[in-house]
Structures are given as C-alpha cells and as structure tokens.
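Survey of secondary and tertiary structure
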Amino acid sequence: MTTTFPDVTISTDRLVLRPFEEEDVTALAEMMNDENITAWTSVPHPYTHADARAWATRDSHAERAEGRGIVFAVTEFLTQRLVGIVHLRNTDWRTRATEAGYVTAPWARGEGYASESVLAVAQWLFREQAFERLELRTPADNTASQQVAQKIGCISEGVLRNAWTVRTQTADGGWADTRTDLIVWSLLPEDLDEGDGLDGYDGYESYDTPGTHGGGRGAYPGHVVPGQRSDASGHPVGADRK
C-alpha cells in the first residue's frame, strides 16, 4: 500500500503550488509573523528566519517523506510571490483520509487564493490519489477560515468543544492562550462532483517535481513537536486557522 504522496507541483490559472525552497525563507518569515497567523495557529512567535529555514529546507519535506502528508508553498503564477501554504496532515492511508490546513499572506487576502488553492489540492487528492475524505477544522471565531470551507463545498459536521488553543493580544502587547471550540468540516469526492469548482475557476494541472527531500519532523512551519497533531497549511495551517 502506498504510504507517501508523490513529489508534485499543482497549477491553476493564477497559482502554482509546489514544494518549499530555500529561496522562500524571507517571505515565509514575514508571512508567519502576521498577527492573524499568530492568533489562530501554533506557530512560534516571533517567527524567526531560523524557523523559516528549518521549515522550507527540511521540515515541510519531511511531512511527505515520512508519510504524514504533504506541504505546498502557494505562489502567484505571474509574480512567483509566496501567497500562502496548504498542508495535508494527519493522513490515514488505510481509510484514505487526511486533514487540510492553510494560511494566507496578509497582502494576498481577499483575492480568493485560499479557496482556489485548497480546492485544487482537493481535486488532485480525490482524482489522482484516490482519497475518500478531506477534513478541515476551523476555530469557532475564525470566520475567514470558515468561509473558505463553505466556498469549496465542505459540509459542517459538528463542533469539538474546547478542542483548540488560540492566542489573544494582551494590553501590554503580549499574547495569551485562550481555549476555543473547533468546527469540523468534510469534503468527499461526490461533493466535488455535485458542485465542481469555484466561479471562474477551471481546475488544476499537476506534474511530478524532480527530486525528493527528507529529514526532520514538523507541523506548523517551525513548530516541531514529535507526537503532536500536525497542524496549514495556515493549521493553518483548517487553519487559514486563518
């Protein structure tokens, strides 16, 4: 039984989803220090260049090589600028099910990039990898992440009470952990067949990426905790958890 995803690149009309590269380190560090990403995810804060380098050159590639999932750096087709992350994690190869997390750079929000990239990954996952279930988990107050789930056709299945920790800013500018509920969403192959795609979005293309990368363990970019739920991606990360 196959227990790793292939090393691939996925393209849409506007985006290229590919493995992370060392050249992404600076843009990744800038993106992951955004206040919304700090609030909704478990990334280190501040998120250093060392964190970004470990994720871009080692930990994100280990997700695929060690069978836990696959990480895509989402970039604009025209500018090649880093838009965000889509991260498949907690993959169950027996049941062909996995969880998606996603984050979006602050400058790229409002363009529909998160929905477009997660939908492209879902189409690839179901049609080329024969998966049967994609799950997203969004904090109860993260309406932006919930809108992504709704836009791509996910079905809300229920609430996991008090199941996640978010961060809120304190009066002195620091951050404090707060418990919150998670909304569970699912997407199945037949859900895509019924309402296949976003308005104006024609689908995706995928092709093999030469070479593979190994080593390291990771969840959120730079959040390396063996045995912990691999969380977007930004989770995401769903984590767009922004």
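The following paragraphs examine the structure supplied in this document. Every value quoted in this text rests on a predicted model; they were computed, and no experiment measured them. (Residues numbered from 1 in each chain as written. Predicted model: local features only at pLDDT ≥ 70, side-chain atom pairs only at ≥ 80, totals over all residues. Heavy atoms only, no water.)

Formed by 54 residues in total, the largest nonpolar core has its most connected members in Leu28 and Trp124. Ranked by residues supplied to this core, first place goes to helix α4 (residues 113-128) with 10 residues. (Core = buried A, V, L, I, M, F, W, Y, C linked by side-chain atoms within 4.5 Å. Buried < 20%, exposed > 50% of the residue type's maximum accessible area, 1.4 Å probe, protein only. Helix = DSSP H or I, 4+ residues; strand = E, 2+ residues; numbered from the N terminus.)

Two faces belong to every sheet, and in a regular strand the side chains alternate between them. Along strand β2 (residues 15-18), one buried face is formed by Leu15 and Leu17 and the opposite face, lined by Val16 and Arg18, is buried too. Looking at chain direction, strand β1 (residues 8-11) and β2 are connected through two bridges and run antiparallel. In the strand pairing of β2, Ile10 is matched with Leu17. If you look at the hairpin formed by β1 and β2, you'll find three residues sitting between the two strands. Bridge count for β2 against strand β3 (residues 70-76) is four bridges, and the pairing is antiparallel. Residue Leu15 lies in a different strand from β3, and its bridge partner there is Glu76. (Pairing = 2+ DSSP bridges.)

Attention now goes to the packing of helix α1 (residues 25-32) against helix α3 (residues 49-65). One way to put it is that α1 packs onto α3 with a least axis distance of 8 Å and a crossing angle of 120 degrees. Judged by the inter-axis angle, α1 sits oblique to α3. Judged by the sense of rotation from one axis to the other, the crossing of α1 with α3 is right-handed. Seen from α1, the contacting residues are Val25, Thr26, Leu28 and Ala29; seen from α3, they are His49, Ala52, Arg53, Trp55 and Ala56. (Axes fitted to C-alpha atoms, helices over the stretch in contact; angles between N-to-C directions. Parallel < 35°, antiparallel > 145°, perpendicular 65-115°, else oblique. Left-handed = near helix turned anticlockwise from the far one by under 90°. Contact = heavy atoms within 4.5 Å.)

Next up on the list: unusual backbone geometry. A cis amide bond links His45 with the next residue in sequence, Pro46, at an omega value of 0 degrees. With respect to the secondary-structure elements, Pro46 resides in the loop between α2 (35-40) and α3. Positive phi outside glycine occurs at Asn90, with the angle close to 50 degrees. Within the element layout of this structure, Asn90 appears in strand β4 (residues 82-92). Owing to a relative accessible area of 29%, Asn90 belongs among the partly exposed residues under this scheme. At Ala130, a position not held by glycine, the phi torsion is positive, near 55 degrees. Along the chain, the position of Ala130 falls in the loop between α4 and β6 (133-139).

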